[in-house]
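Here is how the chains run, residue by residue.
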Amino acid sequence: MKNAVVNFDVERAVEGAKRALEMGVDPVEAIDKGLTKGLRIIGEKFEKGELFLMHIVAAAETARRAIDEVLQPEILKRKTERKVLGKVVIGTVAGDIHDIGKNLVAVMLFIAGFEVFDLGRDVPVDEFIEKAKEVNANIVATSTLLSTTLLVQQEIVEALKEAGIRDKVKVMVGGAPVTQEWAERIGADGYGADAMEAVGVAKRLLGVE
Amino acid sequence: MELRPGLKGGQLKILSKDQVYDIHLAILKVLREHGVEIQHEATLKLLDAAGADVDFKKQVVKFPEYLVEESIKKAPKTVRCCGRDPKEDFIVEGRKVYFGPCAGATHFIDLETEERRFGRLSDMANVAKISNALPNIDFVMGLTTASDVPQSVIGLYEPYAVMSNTCKHVQAFCFSDGELTKAMIRIAELIAGGTDELRKRPIISLYDEPSSPLIFGGEYVEALVEWSKAGLPVIWAPCPISGATAPVTLAGSIVQGSAESLAGNVICQFVNPGTPFIFGSVPLVLDMRHALVSYGTVETMIKEVMLAQLSEYYQLPSWGTGGCTDSKILDEQAVAEAVMNLTIASLSGNNLVHDVGFIESAKGGSVDLLIICDEIIAMLRRIMTGVSVDDETLATDVIMEAGHGGSFLGLKHTLKHFSSEHLISELMDRSAWIKWKKEGKTLAQRAHEKARKILEEHEIEPIPKDVKEEIEKIIREEEKRAATKKAA
């Protein structure tokens, strides 16, 4: 499965996952020792500048398919838990349909070992809150490209307070008009200028570096 | 009356005629078989009635070929862009090229401290004033966005601030729904002196965008529709990002971006046949190392030329991009990229070249870069003007008059032809070492001094007081309306 990820071979990854289960390998182990290792290799090559963003996306997709289609259902069945760095609920805020930046952050977080719940774009404030509660999220990450929808990021911070879970989750904000200054002003915990930085921020916020 | 002269562009071709046609066929295929998601009910109905294949549930519209092609024919080949001062008018047609800054960058390089900070309304006013004074800037936007006004009515504050501080043609950067757009048109009418006056002499056009791939957001369509109803010029140009929101291949991303733009033209021409429409896209690239959009790449320049060739094929006026950089500050990279993309933009012949003065991949505005670009455009204009070759300029008799080893400096021929044949640069340093060393200023410093000087000395004909009062009343009312809308 490690090689399948490194070669972006979805079919082989899915087949490999099925075979692992047949051979009695624990699904959590299969992710850890197979897929995650592959992702780590890709991540390192990306950092060295040997691979590019589309390779990251392709590798993530390969791993995701093996997890979603084969391993995760088995994990649920066995009532065990995946080892993840943390759970992140992510989305582009209401009023904004630009999601390419958010998608990249989601992929980078996944590659780094986070479990990512991507709510998509134009996501109502309540949906962030509900999902965060439902999955016991460690991080709520919101993105916007438009300067006019910046304020929604603030509304989400307020809504988390109202829902009484502000102390349970860290809030990350990102997007073209967002700055460190803005993050501080609205009481968010972290800001990343790009997708790679966002991963570092997420790790730092959860103390999992 | 004399108009602003367009730079004569269009000399560079990258595609063969067959390739242009292949791209056209691919655009028609995307529109016919895949269509566009249009998040605006009234427009879906309009297009349904016009003969498009509309899936109301999915909000997807597929366009038969004839609708796309008929709409291209309905759009005017010539668009007049006017200034508050008629001397600033210019005609968009053929391969005449005009230049101006964009708006919307969140950050701005402060003119006093030279620090990077959030943009303000006063910055946009300053940019408008400086643009007014720059001889090679033809149309004006505010280069940044105002973080210090109520965001709900930013679509009124910004164009109004720009229009108040320039007599040149202004483009409104769309942040508006239909109601705000109508208010913006009322404001423009007040400044132009009436509804008919504005139609006759459009002192403002709309820069509005779909969201790639192939989504037309509801409020953006509302703005497009209202603007078309008013018969004012509209730019409907997406920002397809190769590798992210559009195919990684250059041809594919041009196909998609052009399909998005032409679908917008169908809307405009069915709302109001003859709406002046500017075709094109901002053909960007995703940087695969940093996961960020880039503006200064050669791929964008190649796509500029491809777009210009398509617009030539459609005989539609076109949108261009240049004078911008990915560099974070005004440094060597900034000037290198700006020179290169302004040159290619000029050679491409796209009509309205925007983004002049953008740094940090359109996340920052630099007035100093804008000023340097003004000078670069002057040089390009001189190059594209070409040379005159006749008895007078071949100057054989003058060569003989000067004689062997003689000097031309004192000849009447020199006096007569110098200023039409040679461009005097204001910013480029051509002095001797000793003199330069004494002053020791870089190009960026000289540009900065020029900006300060313009702000101190340049005067703009103000908008009459009674008109201003009426406009400010409209803005206050719209602010209230937006607040009630939000509360509801």
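1. Description of the sheet that holds strand β3 (residues 139-143) of chain A
All names here are of chain A.
Then comes step 1: Taking strand neighbours across the sheet as the criterion, the 5 strands line up as β2-β1-β3-β4-β5 in an open arrangement whose pairing is parallel. Only two strands of the sheet have a single neighbouring strand rather than two, namely β2 (115-118) and β5 (190-191).
Then comes step 2: Bridge analysis of strand β1 (residues 87-92) against β2 gives 4 bridges, and the strand direction is parallel. The residue of β2 that forms the bridge with I90 is D118.
Then comes step 3: Against the sheet, helix α5 (residues 100-112) touches β1, β2, β3 and β4 (170-174), its axis set at about 165 degrees to β1.
Then comes step 4: Against the sheet, helix α7 (residues 150-162) makes contact with β3 and β4, and its axis sits at roughly 160 degrees relative to β3, the strand it touches most.

2. Some points on the pairing of strand β11 (residues 169-173) of chain B
Residue and element names in this part refer to chain B.
Then comes step 1: In terms of burial, β11 is largely enclosed, as 5 of its 5 residues are buried.
Then comes step 2: With burial as the criterion, each face of β11 is covered, one bearing H169, Q171 and F173 and the other bearing V170 and A172.
Then comes step 3: Sheet topology places strand β10 (residues 139-140) next to β11; 2 bridges connect them, and they run parallel. Paired with F139 across the two strands is H169, which belongs to β11.
Then comes step 4: Taken together, the 4 bridges between β11 and strand β12 (residues 204-208) define a ladder with parallel strand orientation. The residue bridging Q171 from the neighbouring strand is S205, located in β12.

3. Some details on the nonpolar core
Residue and element names in this part refer to chain A.
Then comes step 1: Among the nonpolar cores identified, the biggest contains 209 residues, and M108, L109 and V140 are the most heavily contacted of them.
Then comes step 2: When we break this core down by domain, the ones giving at least three residues each are domain 1 (2-78) and domain 2 (87-206).
Then comes step 3: When residues no more than four places from it in sequence are discounted, the contact partners of L109 are V88, F114, V116, V199 and A202.

What counts as what
Residues numbered from 1 in each chain as written. Chains lettered and ligands numbered in written order. Predicted model: local features only at pLDDT ≥ 70, side-chain atom pairs only at ≥ 80, totals over all residues. Pairing = 2+ DSSP bridges. Helix = DSSP H or I, 4+ residues; strand = E, 2+ residues; numbered from the N terminus. Contact = placed C-beta atoms within 7 Å. Axes fitted to C-alpha atoms, helices over the stretch in contact; angles between N-to-C directions. Buried ≥ 20, exposed ≤ 12 C-beta atoms within 10 Å, placed from the backbone. Core = buried A, V, L, I, M, F, W, Y, C linked by C-beta atoms within 7 Å. Domains from an automatic or database assignment.

Scope: geometric values only; no functional claims are made or implied.
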